[in-house]
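The lines below spell out each chain.
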Amino acid sequence: MPIDFSKFAIVILGASGDLARRKLVPALFKLYETGVIGKGSIVVGTGRSEFTDSSFRERFEGDSPLKENFYYHRGLTGLKAYIESKGHFEQVVFFMALPPEVYLTTAQAIRAEGFEKNVRLIIEKPFGYDYESARTINTGLLECYPETSLFRIDHYLAKEAVLNILVFRFANSLFEPVWNSKYIDSIQINACETLGVETRGDYFDKTGIIRDMVQNHLTQLLLLLTMDRPASLEAEDIRASKLKALESVEYRECHRRQYEGYRNEPRVAPDSVTETYAELKLTIDNDRWNGVPVYLRVGKALPRRGTEIGIVFKPPQGFLFDGFGTIPPNRIIFKIQPSEGIILDVTGKEPGSDVNMTNTMLRFCFGEKYAGGLTDAYQKLIADVLAGNQTLFVSAVETELSWKKIKPCLSAGKLGFYSRGNLPEGSLGADWIDFENYGDVCM
Ligand code: BG6
């Protein structure tokens with residue numbers, strides 16, 4: 001019989017959770033629709049809850065034919081024989097939608113259950129709580145499976161606008177020559193959410209915004225923006241280049257705040273000192289970036305939702321336009337969400353015989369150019385796991401180094417407060433871009 005390379009057994013650990021319902025299962029339906037997951041593949045939910053196959057299916061919206069191949073198996077014991085009873089599968093992919101404290105014991109249990117070969121493990125973030133725990137998890141995982149079977153997920157890496165950073169930087173000859181401290185004044189990364197912790201108090205209170213967003217998502221944005229050109233687009237080369245940039249990162253200032261009322265949220269400690277907002281300043285101490293501050297601002301319960309990157313350029317050299325007023329700095333804005341785009345904010349001349357300068361926007365808006373919508377990050381990442389492509393996944397050493405670097409910020413300084421729905425006053429002395437001004441440039 002010919003081997004069917006698109007026939008997978010996909011096991012969701014933590015199948016009753018929110019992530020499975022909101023992200024994973026819709027992504028699996030799409031992958032089935034597009035033929036990446038072939039007919040005859042199965043999806044097995046596992047966990048401690050009791051479900052029948054049909055009550056498990058009912059948890060998910062949509063009526064993809066793949067749903068008929070959804071099964072539920074309580075716990076891991078006997079799972080191998082159970083999967084084998086459903087057919088022969090080229091790969092068994094485990095998606096660990098679980099808290100970090102059980103990653104290792106779960107992987108060990110999978111291995112002990114007899115899953116040896118053709119296994120891929122997808123591990124959610126945060127990968128541990130600090131350097132020591134990340135190291136323990138990595139060491140233990142690598143005793144169970146080789147690095148090529150481990151996929152540490154960071155869904156920011158598969159967002160279209162993030163994938164575009166590499167192309168924008170290295171497939172255009174315009175930008176790379178000025179991508180350094182000679183021309184760039186500062187880099188700003190902004191990730192604001194309007195929602196508070198909602199139903200995730202239990203998870204978030206142990207985690208905080210720095211572990212939840214900075215150690216992983218914002219660090220990945222930072223590295224894609226600042227790394228040197230990789231030797232190739234192969235996973236190993238991209239990972240090596242990111243790692244080299246990360247080695248030079250030094251956090252200089254960290255300010256942590258909590259929104260008022262957070263301590264009354266469900267499953268949050270009444271005396272919690274967990275931060276829901278942070279402002280951080282770092283430098284990248286290498287030849288390319290010496291002296292360029294990088295500002296990160298991230299938080300929940302803020303007045304607007306938006307993830308944006310701003311690259312602010314230094315003023316032009318020379319005195320040609322002295323006496324014509326202040327020339328606004330050139331900026332490149334990467335809009336990651338809620339709408340995606342890249343904007344060049346440059347200076348032009350207003351019509352008329354006088355030289356009146358004004359800023360003007362050159363824009364690449366994904367929504368305008370690609371009317372059909374963009375591929376969801378989880379869909380892309382799961383497809384990459386099925387294909388064995390690790391480019392968009394974080395290596396063991398990178399995740400450990402990233403924890404090491406962020407360590408001084410994890411409990412830095414005195415916790416401040418802010419009122420829900422208000423942007424805290426800046427603590428870094430940074431000249432923050434008003435990203436809202438770019439809100440309707442790409443809708
Ligand atoms: C998750 C965090 O990784 O990313 C959440 O745990 C956060 O706290 C979410 O809300 C943000 O993701 P996105 O794709 O909505 O920016």
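Below is a summary of the structure that appears in this document. Throughout, residues of each chain are indexed from 1 in the direction in which the sequence is written. For this predicted model, a pLDDT threshold of at least 70 governs which residues receive local features, and a threshold of 80 or more governs which side-chain atom pairs are given and counted, while totals over whole chains, interfaces and linings are taken from all residues. Calculation of side-chain values draws on the structure's entire complement of heavy atoms; hydrogens and water are dropped beforehand.

Observations regarding the overall build of the protein
Filter applied, for reference: Labels follow the DSSP assignment, with helices taken as runs of H or I lasting at least four residues and strands as runs of E lasting at least two, numbered in each case from the N terminus. The globule rule used for comparison is 2.2 Å times the number of residues to the exponent 0.38, while the radius of gyration itself is calculated over C-alpha atoms. For the exposure calls, accessible area comes from a 1.4 Å probe over protein chains only, and a residue counts as buried if that area is under 20% of its type's maximum, exposed if over 50%, partly exposed in between. The Shrake-Rupley method, run with a 1.4 Å probe, gives the accessible areas here. Residue values count only the displayed protein chains as cover. We count Lys and Arg on the positive side and Asp and Glu on the negative side, and we leave His and both chain ends out. Note on charges: their place is set at NZ of Lys, CZ of Arg, CG of Asp or CD of Glu.
Counting its regular elements, the protein contains 11 helices and 15 strands. For 443 residues, the compact-globule estimate of 2.2 N^0.38 gives 22 Å, and the C-alpha radius of gyration of the protein, at 23 Å, lies within 12% of that figure. By its C-alpha atoms, the protein is 80 × 55 × 40 Å across when sized along the principal axes. Expressed as a percentage of its 443 residues, the buried residues of the protein come to 53%. Just so you have it, the protein exposes about 20300 Å², and 50% of that area is on carbon and sulfur atoms. The average position of the 52 basic charges and that of the 58 acidic charges among the side chains of the protein differ by 2 Å.

Quick look at the pattern of salt bridges
Which entries qualify depends on this criterion: Just to be clear on terms, a salt bridge is a Lys or Arg side-chain nitrogen sitting within 4 Å of an Asp or Glu carboxyl oxygen.
Counted under the stated rule, the structure contains 26 salt bridges. The salt bridge partner of Arg 135 is Glu 400, with a shortest N-O separation of 2.8 Å. Of this pair, Arg 135 sits in helix α5 (residues 131–144) while Glu 400 sits in helix α11 (residues 396–410), placing them 265 residues apart in sequence. Among the residues examined, Glu 400 registers a relative accessible area of 10% and is labelled buried. We note a salt bridge from Asp 285 to Arg 252, for which the minimum N-O separation is 2.7 Å. Of the two residues, Asp 285 is situated in the loop between β9 (277–284) and β10 (294–299) and Arg 252 in strand β8 (residues 249–259); the sequence distance between them amounts to 33 residues. Using a relative accessible area of 48% as the deciding quantity, one classes Arg 252 as partly exposed. Put simply, Arg 169, Glu 176, Asp 228, Lys 244 and Arg 288 are held in one network by salt bridges that share partners.

As for the site of the ligand
Note the following rule: Any residue with at least one heavy atom within 4 Å of a molecule or strand is counted as near it. Pairing of N or O atoms within 3.5 Å defines a polar contact, subject to two protein rules: one partner must be a possible hydrogen donor and the other a possible acceptor, and residues neighboring in sequence count only if both atoms are side-chain atoms. The residue classification treats Ala, Val, Leu, Ile, Met, Phe, Trp, Tyr, Cys and Pro as nonpolar and Asp, Glu, Lys and Arg as charged. All others, Gly included, are polar.
Around the ligand, a shell composed of 13 residues is seen, among which Lys 125, Tyr 156, Lys 159, Asp 212 and Gln 337 lie nearest. At a separation of 2.6 Å, an oxygen atom of the ligand approaches a polar side-chain atom of Lys 159. Between His 217 and the ligand, the recorded distance is 2.7 Å, taken from a side-chain N or O atom to an oxygen atom. Looking at the shell around the ligand residue by residue, the classes come out as 3 nonpolar, 3 polar and 7 charged.

Observations concerning the packing of helix α4 (residues 103–112) against α5
Geometry of a packed helix pair, given as the angle between the helix axes and the separation of the axes. Rules: What counts as an axis is a line fitted to C-alpha atoms, over the stretch in contact for a helix, and the angles between N-to-C directions run from 0 to 180 degrees. Note that the term roughly parallel is reserved for angles under 35 degrees, roughly antiparallel for angles over 145, roughly perpendicular for angles of 65 to 115, and oblique for everything else. Two residues form a contact once any of their heavy atoms are found within 4.5 Å.
In contact at an axis separation of 9 Å, α4 and α5 are set at 5° when each is read in the N-to-C sense. What the angle tells us is that α4 and α5 run roughly parallel. Across from Tyr 103, Leu 104, Ala 107, Gln 108 and Arg 111 in α4, the residues of α5 making contact are Thr 136, Ile 137, Gly 140, Leu 141 and Cys 144. Taken together, the residues that form the contact of α4 with α5 break down as 6 nonpolar, 3 polar and 1 charged.

With respect to the environment of Ser 232
Relative to the helices and strands, Ser 232 is located in the loop between α7 (201–226) and α8 (235–247). Not counting residues within four places of it along the chain, the set of residues in contact with Ser 232 comprises Asp 237 and Ile 238. Within the structure, the side chain of Ser 232 is placed 2.9 Å from the backbone nitrogen of Glu 234, a separation counted as a polar contact.

A word on the environment of Asp 53
Note that Asp 53 resides in helix α2 (residues 53–58). Between the alpha carbons of Asp 53 and Phe 334 there is a distance of 44 Å; along the sequence they are 281 residues apart. The contact partners of Asp 53, leaving out residues within four places of it in the chain, are Phe 70, Tyr 71, Tyr 72 and Tyr 82.

A closer look at the packing of aromatic side chains
Note the threshold: Pairing of aromatic rings covers Phe, Tyr and Trp, the last through its six-membered ring, and needs centres within 6.5 Å; plane angles under 30 degrees mean stacked, over 60 mean edge-to-face, and all others mean tilted. Placement of a positive charge over a ring is assigned whenever Lys NZ or Arg CZ falls within 6 Å of the ring centre and within 35 degrees of the normal to the ring plane.
Applying the stated criterion across every chain yields a total of 20 aromatic pairs. Taking the centre distance of 5.2 Å and the plane angle of 85° together, the rings of Phe 56 and Phe 60 count as edge-to-face. Taken as a pair, Phe 56 and Phe 60 share a single burial class, namely buried. An aromatic cluster of at least three residues, connected via ring pairs, comprises Phe 29, Phe 51, Phe 56, Phe 60, Phe 70 and Tyr 72. Taking NZ or CZ as reference, Lys 7 lies 5.4 Å from the ring centre of Phe 89, over its face.

A short note on the nonpolar core
This is how the line gets drawn: Nonpolar cores were defined as sets of buried Ala, Val, Leu, Ile, Met, Phe, Trp, Tyr and Cys residues, with membership established by side-chain atoms within 4.5 Å.
Leu 121 and Phe 334 are the most contacted members of the largest nonpolar core, which has 130 residues in total. The element contributing the most residues to this core is α7, with 11 residues. In this view, Leu 121 contacts Phe 94, Met 96, Ala 107, Ile 110, Leu 141, Tyr 145, Ser 149, Leu 150 and Phe 151; residues no more than four positions away in its chain are not counted. In terms of nonpolar packing, the next biggest core, distinct from the first, is built from 13 residues, Tyr 295, Val 312, Phe 435 and Cys 442 among them.

Digging into α11
Side chains of residues three or four places apart in an α-helix project in the same direction, reflecting 3.6 residues per turn. Here is the rule we go by: Here the expected length of a helix is defined as 1.5 Å per residue gap, with one fewer gap than residues. To get the bend at a residue, fit one axis to the 7 residues ending there and another to the 7 starting there, then take the angle between the axes.
Compared with the 21 Å implied by 1.5 Å per residue over 15 residues, the 20 Å span of α11 between its first and last C-alpha is a close match. Of all the bends in α11, the greatest reaches close to 30° and is centred on Lys 404; the proline Pro 408 follows between one and four positions later. Burial within α11 is extensive, with 11 of its 15 residues counted as buried. Residues Ala 396, Glu 398, Thr 399, Glu 400, Leu 401, Ser 402, Trp 403, Lys 405, Ile 406, Cys 409 and Leu 410 constitute the buried set of α11. Where α11 is buried, its residues meet α5, β6 (150–152), α7, α8, β8 and β9.

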